[in-house]
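Topology and contacts: notes
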Amino acid sequence: MSDSSTARPATPVLDVWCELQCTDCHTALDDLRALRARYGDRLELRLRHFPLEKHKHSFAAAQAAEEAAAQGQGWPYAEAVLNRVAELDREGEPFLVEVARELGLDAEEFDTALIDGRHILIVDADQAEGKAIGVTGTPTYVIGGERLDGGKSQAGLRERVERIADRLLAEGQD
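Residues numbered from 1 in each chain as written. Predicted model: local features only at pLDDT ≥ 70, side-chain atom pairs only at ≥ 80, totals over all residues. Heavy atoms only, no water.

1. Regarding the overall build of the protein chain
In terms of regular secondary structure, the protein chain is built from eight helices and four strands. Moving toward the C terminus, one meets the helices and strands of the protein chain in the order β-α-β-α-α-α-α-α-α-β-β-α. Taken over the C-alpha trace, the protein chain has a radius of gyration of 17 Å; the compact-globule value for 174 residues is 16 Å, and the two agree within 12%. Principal axes of the C-alpha set define a box for the protein chain whose edges measure 50 × 40 × 30 Å. Looking at the protein chain alone, contacts between residues at least 24 apart form 70% of all its contacts between residues at least 6 apart. Surface summary for the protein chain: the accessible area is close to 9,000 Å², and the carbon and sulfur share equals 49%. If the 20 positive side-chain charges of the protein chain are averaged to one point and the 33 negative ones to another, these points end up 5 Å apart. (Helix = DSSP H or I, 4+ residues; strand = E, 2+ residues; numbered from the N terminus. Rg over C-alpha atoms; globule rule 2.2 N^0.38 Å. Contact = heavy atoms within 4.5 Å. Areas by Shrake-Rupley, 256 points an atom, 1.4 Å probe, with all protein chains shown as cover. Lys, Arg positive; Asp, Glu negative; His and termini not counted. Charge placed at Lys NZ, Arg CZ, Asp CG, Glu CD.)

2. Things to note about helix α6 (residues 107-116)
Among all positions of α6, only A107, F110, A113 and L114 are buried. On an axial view of α6, the arc spanned by its buried residues comes to 115°, and they lie on one face. Facing away from the buried side of α6, by more than 90 degrees, are the exposed residues E108 and I115. Looking at the buried side of α6, the elements it contacts are α2 (58-70), α3 (74-82) and α5 (93-102). Immediately beyond the C-terminal end of α6, within one or two residues, lies G117, with a positive phi of roughly 70°. (Buried < 20%, exposed > 50% of the residue type's maximum accessible area, 1.4 Å probe, protein only. Arc of directions from axis to C-beta.)

3. Overview of the sheet that holds strand β1 (residues 13-18)
Overall, mixed pairing links the four strands, which are arranged β2-β1-β3-β4 in an open sheet. Here the strands that pair on one side only, and so sit at the sheet edges, are β2 (44-49) and β4 (146-149). Averaged over neighbouring strand pairs, the angle between their axes works out to 20° when direction is ignored. Inspection of the sheet shows β1 paired to β2 by six bridges, in the parallel sense. Bridge pairing in β2 links V13 to E44. Against the sheet, α3 touches β1 and β2, its axis set at about 55° to β2. (Pairing = 2+ DSSP bridges. Axes fitted to C-alpha atoms, helices over the stretch in contact; angles between N-to-C directions.)

4. A look at the packing of aromatic side chains
Applying the stated rule across the entire model yields one aromatic pair. An angle of 35° between the planes, with centres 5.2 Å apart, marks the rings of Y77 and F110 as tilted. Separated by 33 residues along the polypeptide, Y77 in helix α3 and F110 in helix α6 bring together distant segments of the chain. For the pair Y77 and F110, a shared accessibility class is recorded, and that class is buried. (Phe/Tyr/Trp six-rings, centres within 6.5 Å; stacked < 30°, edge-to-face > 60°.)

5. Quick word on the environment of G172
In this fold, G172 is placed in helix α8 (residues 157-172). The sequence separation of G172 and W75 amounts to 97 residues, and the corresponding C-alpha distance is 26 Å.

6. A look at the nonpolar core
Core analysis: the biggest nonpolar cluster contains 44 residues, and L14, Y77 and L96 have the highest contact counts within it. With five residues, the next largest nonpolar core counts W17, F50, L52 and V135 among its residues. (Core = buried A, V, L, I, M, F, W, Y, C linked by side-chain atoms within 4.5 Å.)

7. Looking at α8
The end-to-end C-alpha distance of α8, which contains 16 residues, comes to 22 Å, matching closely the 22 Å that a straight helix rising 1.5 Å per residue would cover. Taken residue by residue, α8 has L157, V161, E162, I164, A165 and L169 as its buried positions. For α8, the elements touching its buried residues are β1, α1 (23-39), β3 (140-143) and β4. (Expected span 1.5 Å × (residues − 1).)

8. Some words on the state of the cysteines
Formally, a disulfide is one covalent bond, and it connects the sulfur atom of one cysteine to the sulfur atom of another. Per the counting criterion, the structure on display carries zero disulfides. The thiol of C18 is unpaired, and the distance to the nearest cysteine sulfur, on C25, comes to 3.6 Å. Take C22: it sits in no disulfide, and the sulfur closest to it among the cysteines is that of C25, at 3.5 Å. (Disulfide = S-S within 2.5 Å.)

Shape descriptors only; they carry no functional weight alone.
Structure representation (structure tokens):
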């Protein structure tokens, strides 16, 4: 058992409610890269899934991103798919497996994961939690208990996230 008085302050978490067939989420990648560059490991970016019914491959893409995370490449995989949304629109699941192959991941395991549905519960749980906290579109960010909706407009969002992250980091230094 550790002594909580000597524990490091908890790292602030930015939950990024995302859908991998969403062009707005693709646009948000620049903000996410900038946040990573500014905060490094002082801010945890957590990919959360919110597949939208209007995109027929988004649920499979969310499962594929979970398989990528299981293989240690969650964010690189998500970014690779978001950078090629039009290909996902056209090609569907074979494209998801191809991206895994391109990243040097076990593509056969991706194929199997999409067939056996091993990550469905994670995706369903994320979606249910998102609905429960009022997520209606993607991208939506949650940090420090505040929900920021990037599906309507991403203008100024990164700055708002930075202000909240800076405040949370300063509070953790007390």
